[in-house]
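What follows is each chain in one-letter form.
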Amino acid sequence: MVVSHYAIGLMSGTSLDGIDAALVKITEMDGSLRVEQVGYQSTNYREDVKGELLQLCHPDSATIERISSMNMYLGELFADAAISLIQSEGLNKKEVSLIGSHGQTIYHEPNVTDKVPYHVPSTLQIGDIGVVAEKTGITTVGDFRTRDIAAGGQGAPLVPYVDYMLYASSTVTRVLLNIGGIANITFLPKGATQEQVLAYDTGPGNMLIDAFAKRVTNHVQTYDKGGKLAATGKVEPSWLATLLEHDYYQQSIPKTTGREDFGEAYADKLWEKGQQRGIREIDRLATITELTAVTIMEAVKKHDEVDEVIVSGGGVHNQTLMKQLANLADPIQVHAVKDEQVSADSKEAVAFAILGYQCLHKRCNTIPTATGAAHGVVMGKVAW
């Protein structure tokens, strides 16, 4: 029996740029899924909303009242993004079976070392799914990460489950690389079982590059469009070597990171260090861009016999970064996602549509070898 459903995936990442919405058609036959991307939209956050979210990511400036209010308000924005996509594709809301929403992470602490009884591993994504379901009239699945953390995992990365479903090959060893605010990879050995899949965050993706681009342009630009700014600078090798000494790069896998390690506070520190070293501002940006490329490729090359690296996320549009990756990867092929199932910009949104679909069908939708959990779980909470 063949059954098809329309589903929407919503994603907002650590870059805090806005909401990615992907409409997919999921066809199920004999337990296997075929996924076809039907539509995609990206909605930028207003600058005041982005500024408020940045404040909520810092414990010193976040308050219970602000977090609670933004949780509900973002639910409205996520709902609006879903409705806009449905309308743009000429569908009726009743034709969409579900929405899978990642929400917006404002805090993620999967590793706790102190002995305070109530200080336990935790993660917090806001953008209330009850609001999304109420405003759209569509069953909504969200809050995926907490179940994996409860099972002893990192609560991330979650997309490797979908990477394996869509890109595992019997003949080619692939690395799926996503460059959002943080960069992460999924290692898919040829002929691998799900238990052989490895995935983790490699370190900063666009996060530090964006922070430095703002400083170079005196906040006229919020990111380095096309990598054109970094292309005019020169990498400072000795400073790069110092940057590569960060503890995170030496940690064993599975591991995850985020704004807590590589956010604005760290960017401020590095910017000042670059100034103290007498490094030109544009060369600081060039060096930080190279840092992202080097840490990604060092992670990739720890795995044997990789044939190709398939890239998604906002980083694919940074041509300087993509060239650096290709140079460092040689002879491994590096290219952006290009198939009918997903586009480079939409892959993570597509993933949450699939994760939501599997949750509604009470199927395990995570890979414990990627997250470090004791066992597989059904991630997600449902607002009917």
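Residues numbered from 1 in each chain as written. Predicted model: local features only at pLDDT ≥ 70, side-chain atom pairs only at ≥ 80, totals over all residues. Heavy atoms only, no water.

## Observations regarding the environment of Ile-296
Structurally, Ile-296 is set in helix H12 (residues 281–300). Between the C-alpha atom of Ile-296 and that of Pro-121, which follows or precedes it by 175 residues, the distance is 26 Å. The contacts of Ile-296, once residues within four sequence positions are left out, are Leu-177, Ile-179, Ala-183, Thr-202 and Leu-325. (Helix = DSSP H or I, 4+ residues; strand = E, 2+ residues; numbered from the N terminus. Contact = heavy atoms within 4.5 Å.)

## Some remarks on the sheet that holds strand E10 (residues 308–312)
One open sheet holds the five strands; their spatial order is E9-E8-E7-E10-E11, and the pairing between them is mixed. Single-partner strands in this sheet number two, and they are strand E9 (198–204) and strand E11 (333–336). Strand-to-strand, the axes of this sheet are offset by a mean angle of 20°, without reference to chain direction. Inspection of the sheet shows E10 paired to E11 by four bridges, in the parallel sense. Its bridge partner being in E11, Glu-308 is matched across the sheet by Gln-333. (Pairing = 2+ DSSP bridges. Axes fitted to C-alpha atoms, helices over the stretch in contact; angles between N-to-C directions.)

## Observations concerning the packing of helix H11 (residues 264–276) against H12
Running from N to C, H11 and H12 point in directions that differ by 125°, and their axes come no closer than 10 Å. Regarding the angle of H11 to H12, the classification is oblique. Our pair here, H11 against H12, has a crossing hand that is right-handed. Of the residues in H12, those touching H11 at Leu-270, Trp-271, Gly-274 and Gln-275 are Glu-281, Arg-284 and Ile-288. Of the residues belonging to the contact of H11 with H12, the class tally is three nonpolar, two polar and two charged. (Parallel < 35°, antiparallel > 145°, perpendicular 65-115°, else oblique. Left-handed = near helix turned anticlockwise from the far one by under 90°. Nonpolar A, V, L, I, M, F, W, Y, C, P; charged D, E, K, R; others polar.)

## Considering the packing of aromatic side chains
Throughout the structure, instances matching the rule amount to six aromatic pairs. Between Tyr-248 and Phe-262 the ring centres are 6.1 Å apart and the planes differ by 85°, which places this aromatic pair in the edge-to-face class. Of this pair, Tyr-248 sits in helix H9 (residues 247–250) while Phe-262 sits in helix H10 (residues 259–262); the two residues are 14 residues apart in sequence, bridging distant segments of the chain. Ring plane angle 20° and centroid distance 6.0 Å describe the contact between Tyr-249 and Phe-262, whose orientation is recorded as stacked. Taken together, the positions of Tyr-249 in helix H9 and Phe-262 in helix H10 put the pair 13 residues apart, joining distant regions of the chain. On the accessibility criterion, Phe-262 (0% relative accessible area) is buried. A cation over an aromatic ring shows up here: Lys-255 above the ring of Tyr-248, its NZ or CZ 4.4 Å from the ring centre. (Phe/Tyr/Trp six-rings, centres within 6.5 Å; stacked < 30°, edge-to-face > 60°. Buried < 20%, exposed > 50% of the residue type's maximum accessible area, 1.4 Å probe, protein only. Lys NZ or Arg CZ within 6 Å of the ring centre and 35° of its normal.)

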